[in-house]
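Here is how the chains run, residue by residue.
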Amino acid sequence: MDTLGNLDQSTSNQTPDCNISDDLSNSSSSSVHTPLSILLAEDNLVNQKVALRVLKHLGYEADVVGNGQEVIKAIANKSYDLILMDIQMPEMDGIEATQYIRNQELESQMSPIAIVAITANATHDDQYVCRKAGMNDYISKPIQIDKLRSVLQQYEALKNSQ
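Only a predicted model underlies this, so the values are computations on that prediction, with no experimental measurement involved.

Draft legend 1. Molecular detail of the nonpolar core. By size, the foremost hydrophobic cluster in this structure holds 23 residues, and its most contacted members are Ile38, Leu55, Leu82, Leu84, Leu148 and Leu152. Those elements giving two or more residues to this core turn out to be strand E1 (38-41), helix H1 (45-57), strand E3 (82-86), strand E4 (114-119) and helix H5 (145-161). Residues contacting Leu82, with those up to four places away along its chain left out, are Leu36, Ser37, Ile38, Leu39, Ile113, Ala114, Val116, Leu152 and Tyr155. Ranked by size, the runner-up nonpolar core spans 22 residues in total, among them Ala41, Met85, Ala97 and Tyr138.

What follows is the structure in structure tokens.
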């Protein structure tokens, strides 16, 4: 089985906690779609590379930030359809960032951004905490390509139907 978690780790002292557990050679990328504007919030450099490579394979691109505070700055400067939000990040974690975003959306009556949690914590309690914070969906690490594709296609279809 091919994985993307074995990228050259010389660019980071951090240990990767994200291995792709699906065979890329058996995954076909979607060629006809209106691209989503995606923001990836992930503090681990190896995980960033893995996620960007998988997204590219699936036909998507993303802007990348390293913590929740950077997420808030990024969405103030650009409109995003979807945020792939790591839960454990320095300075401001994914839960805090999501709660902040949801409060801002309510105050300004903005359309909500789809926020998908990405975390190694995969218990039902973790999923509950993510949903209670206002996250729309949940993907556990290691990221399965088919699950990510399904989530992206779901939000892309929703975007295109509006």
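Draft legend 2. Expanded view of the layout of surface pockets. Computed from the structure, the largest pocket encloses a volume of approximately 400 Å³. Lining of the largest pocket is provided by 18 residues; of these, Tyr80, Asp81, Pro112, Ile113 and Ala114 occupy positions nearest its centre. For the lining of the largest pocket, the element with the highest residue contribution is H5, accounting for three residues. Here the lining of the largest pocket is built from residues that sort into nine nonpolar, five polar and four charged.

Draft legend 3. Quick look at the pattern of salt bridges. Summed over all chains, the structure comprises seven salt bridges. As a salt-bridge pair, Lys159 and Asp81 come within 3.1 Å of each other at their nearest N and O atoms. Here Lys159, found in helix H5, pairs with Asp81, found in the loop between helix H2 (68-77) and E3; they are 78 residues apart in sequence, far enough to count as distant. The class for Lys159 is partly exposed, based on a relative accessible area of 29%.

Draft legend 4. Local environment of the side chain of Arg102. Tracing the backbone shows Arg102 in helix H3 (residues 94-108). A polar atom in the side chain of Arg102 sits 2.8 Å from the backbone oxygen of Ile113. With residues near it in sequence (within four places) discarded, Arg102 still touches Pro112, Ile113, Ala114, Ile115, Ala133, Gly134 and Asn136.

Draft legend 5. A look at H5. Its 17 residues place the ends of H5 24 Å apart at the C-alpha level, agreeing with the 24 Å of an ideal helix rising 1.5 Å per residue. Within the sequence span of H5, burial applies to Ile145, Leu148, Arg149, Val151, Leu152, Tyr155 and Glu156. Projected down its long axis, H5 shows its buried positions confined to an angular sector of 165°, all on one face. Of the surrounding secondary structure, the elements contacted by the buried residues of H5 are E1, H1, E3, E4 and strand E5 (137-140).

Draft legend 6. Just H1, in detail. The terminal C-alpha atoms of H1 lie 18 Å apart, and with 13 residues this matches the ideal 18 Å at 1.5 Å per residue to within 8%. Of the residues making up H1, those classed as buried are Val46, Asn47, Gln48, Val50, Ala51, Val54 and Leu55. Tucked into the core, H1 has its buried residues touching E1, strand E2 (62-65), E3 and H5. Residue Gly59 follows H1 closely and has a positive phi angle near 95°.

Draft legend 7. Quick look at the confidence of the model for the protein chain. The predicted model of the protein chain has a mean per-residue pLDDT of 82, with 79% of residues at 70 or higher. Note that pLDDT drops below 50 for residues 1-33; the model gives that stretch 67 contacts with residues more than four away or on any other chain.

Draft legend 8. Just the sheet that holds E5, in detail. One open sheet holds the five strands; their spatial order is E2-E1-E3-E4-E5, and the pairing between them is parallel. The outermost strands of the open sheet, each flanked by one partner alone, are E2 and E5. Taking each pair of neighbouring strands and ignoring which way they run, the sheet shows an average axis angle of 20°. Note: E1 against E3, four bridges, orientation parallel. Bridge pairing links Leu40 to Leu84 in E3. Packed onto the sheet, H2 meets E1, E2 and E3 and runs at close to 165° relative to E1.

Calculation notes
- Residues numbered from 1 in each chain as written.
- Predicted model: local features only at pLDDT ≥ 70, side-chain atom pairs only at ≥ 80, totals over all residues.
- Heavy atoms only, no water.
- Core = buried A, V, L, I, M, F, W, Y, C linked by side-chain atoms within 4.5 Å.
- Buried < 20%, exposed > 50% of the residue type's maximum accessible area, 1.4 Å probe, protein only.
- Helix = DSSP H or I, 4+ residues; strand = E, 2+ residues; numbered from the N terminus.
- Contact = heavy atoms within 4.5 Å.
- 1 Å grid on protein atoms, 1.4 Å probe; cavity = no way out; pocket = protein on both sides within 12 Å on 5 of 7 lines; lining within 4 Å.
- Points joined across faces, edges and corners; volume = space filled by probe spheres on them.
- Nonpolar A, V, L, I, M, F, W, Y, C, P; charged D, E, K, R; others polar.
- Salt bridge = Lys/Arg side-chain N within 4 Å of Asp/Glu carboxyl O.
- Polar contact = N/O pair within 3.5 Å; in protein donor to acceptor, adjacent residues only side chain to side chain.
- Expected span 1.5 Å × (residues − 1).
- Arc of directions from axis to C-beta.
- pLDDT = per-residue confidence, 0-100.
- Pairing = 2+ DSSP bridges.
- Axes fitted to C-alpha atoms, helices over the stretch in contact; angles between N-to-C directions.

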